Amino acid sequence: KRLSHFLLIIAGISFLFQSGCKDPEEAIPSYLYIPSIDLEVNEDGSEGASSHEIVDAWVYVGSDFMGVFEMPVTIPVLVSGKKDVTVLAGIKRNGISSDREIYPFYRGYSVEMELIPSKVDTLRPVVEYREDIKFVWMEDFEDNTLSLEGSGSNTTTDSLFITDDAEDVFEYDGVANRYSGKVIMPKGLQIFENRSVDLFDFPRSGQEIFLELNFKCNTEFIVGLYPFNNTIINGLPVVNLFSTEDSEGVMQWKKVYVSFKEDVNSARNIGADFKVFFNTQTNVSEGEPQIVLDNIKLLHF
């Protein structure tokens, strides 16, 4: 009897061990492939060009947050059946790769999808500007006039002009633009600065304020703010933008989203209105420092 009892115990332990070693059945994911996110603007031109620099997809399936993904990306999703999929557009704030956020002025994209295990579905989200934002300044140079003026107490050159040179005029998605704004710096020590003609009264309750800008350049330049609240006006540099030359020395168009909220809401700027400025300082004996600008948009809630 003792032997039989012992054998039963051994058999039971063996069964438990074998059961514990079995792999649980793994769930088979569905897949979402998101190659990019596009922007659609009003046809009446009230929102400017549809150029963008959307780099990330913030993805929700139902109420579950899947994560933040740099595109293009294939995302495994451990659910199936009909689900609401929501994608929010992510940007690099101030052009900084380590500072990524949802762009607050784009509406999210939502769609109901039938998610099937092991199947890859392609999703091509298209976002739009929200209806509750204000475009307080837009400069695309297309009316052949300037809403910028020379500024700064120590500038040596005021060379911002409108160009129709095909090599410099901004193009995006086949849209036939006619003009862009260009700066050419002479040789030697030179300082350029232009600021917006208009003075802006920004909201002061922590609302988002962004300047969108398409640019290409072969020299560094600054985007900043002038606060007007007393007789002494000191410029506030907000972001430095660097050369966009490629490996062959050809300037490539870039887009940046510059956040002004922090500086506008600073205690030192209480009661101030603001102008936006662009500034560069160069000192070359050879070559020709250049900056080309287009599709300037200043937005806030």
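Above this text is the structure in question.
Given the structure is predicted, the values throughout are model-derived calculations rather than measurements.

**Considering the overall build of the chain**
Turning to step 1, where the next piece is worked out: Scanning the chain for helices and strands turns up two helices and 21 strands.
Turning to step 2, where the next piece is worked out: Radius of gyration (C-alpha) of the chain: 27 Å, far over the 19 Å computed for a compact globule of 301 residues.
Turning to step 3, where the next piece is worked out: Judged by the C-alpha coordinates and their principal axes, the chain covers about 105 × 45 × 45 Å.
Turning to step 4, where the next piece is worked out: The buried share of the chain, taken over its 301 residues, is 44%.
Turning to step 5, where the next piece is worked out: Sequence-distant contacts in the chain: of pairs separated by 6 or more residues, those separated by 24 or more amount to 75%.

**Describing the pattern of salt bridges**
Turning to step 1, where the next piece is worked out: According to the stated counting rule, one finds 16 salt bridges in the structure shown.
Turning to step 2, where the next piece is worked out: For Asp56, the salt bridge goes to Arg100, with nearest N and O atoms at 2.8 Å. Separated by 44 residues along the polypeptide, Asp56 in strand S3 (residues 56-61) and Arg100 in strand S7 (residues 100-102) bring together distant segments of the chain.
Turning to step 3, where the next piece is worked out: Note on Asp56: relative accessible area 2%, which makes it buried.
Turning to step 4, where the next piece is worked out: A relative accessible area of 25% places Arg100 in the partly exposed class.
Turning to step 5, where the next piece is worked out: Among the salt bridges present, the one from Arg268 reaches Asp263, with a minimum N-O distance of 3.9 Å.
Turning to step 6, where the next piece is worked out: By sharing partners, the salt bridges in this structure join Arg93, Asp99, Glu101 and Glu262 into a single network.

**Notes on the pairing of strand S19 (residues 254-259)**
Put simply, side chains in a regular strand alternate between the two faces of the sheet.
Turning to step 1, where the next piece is worked out: Counting buried positions along S19 gives five out of six residues, so the element sits mostly inside the fold.
Turning to step 2, where the next piece is worked out: Sheet topology places strand S16 (residues 209-217) next to S19; six bridges connect them, and they run antiparallel. Bridge assignment links Glu212 to a residue of S19, and that residue is Tyr257.

**Some words on the environment of Lys187**
Turning to step 1, where the next piece is worked out: The topology assignment puts Lys187 in the loop between strand S14 (180-184) and strand S15 (188-196).
Turning to step 2, where the next piece is worked out: Residue Lys187 is classed as exposed on the basis of its relative accessible area of 51%.
Turning to step 3, where the next piece is worked out: Along the primary structure Lys187 and Pro203 are separated by 16 residues, whereas in three dimensions their C-alpha atoms are 41 Å apart.
Turning to step 4, where the next piece is worked out: Dropping the residues within four chain positions of it, Lys187 is found in contact with Val284, Ser285, Glu286 and Gly287.

**Considerations on the nonpolar core**
Turning to step 1, where the next piece is worked out: Core analysis: the largest hydrophobic core is formed by 33 residues, its most contacted members being Leu211, Leu213, Phe221, Val223, Phe260, Val276 and Phe278.
Turning to step 2, where the next piece is worked out: Leaving out residues up to four positions away in the same chain, Phe278 has contacts with Trp137, Leu148, Phe192, Glu193, Asn194, Leu211, Leu213, Phe221, Ile222, Val223, Leu293 and Ile296.
Turning to step 3, where the next piece is worked out: Counting residues in each nonpolar core, the second largest holds 30 residues, with Ile34, Val41, Val61 and Tyr129 among its members.

Conventions and cut-offs
Residues numbered from 1 in each chain as written. Predicted model: local features only at pLDDT ≥ 70, side-chain atom pairs only at ≥ 80, totals over all residues. Heavy atoms only, no water. Helix = DSSP H or I, 4+ residues; strand = E, 2+ residues; numbered from the N terminus. Rg over C-alpha atoms; globule rule 2.2 N^0.38 Å. Buried < 20%, exposed > 50% of the residue type's maximum accessible area, 1.4 Å probe, protein only. Contact = heavy atoms within 4.5 Å. Salt bridge = Lys/Arg side-chain N within 4 Å of Asp/Glu carboxyl O. Pairing = 2+ DSSP bridges. Core = buried A, V, L, I, M, F, W, Y, C linked by side-chain atoms within 4.5 Å.

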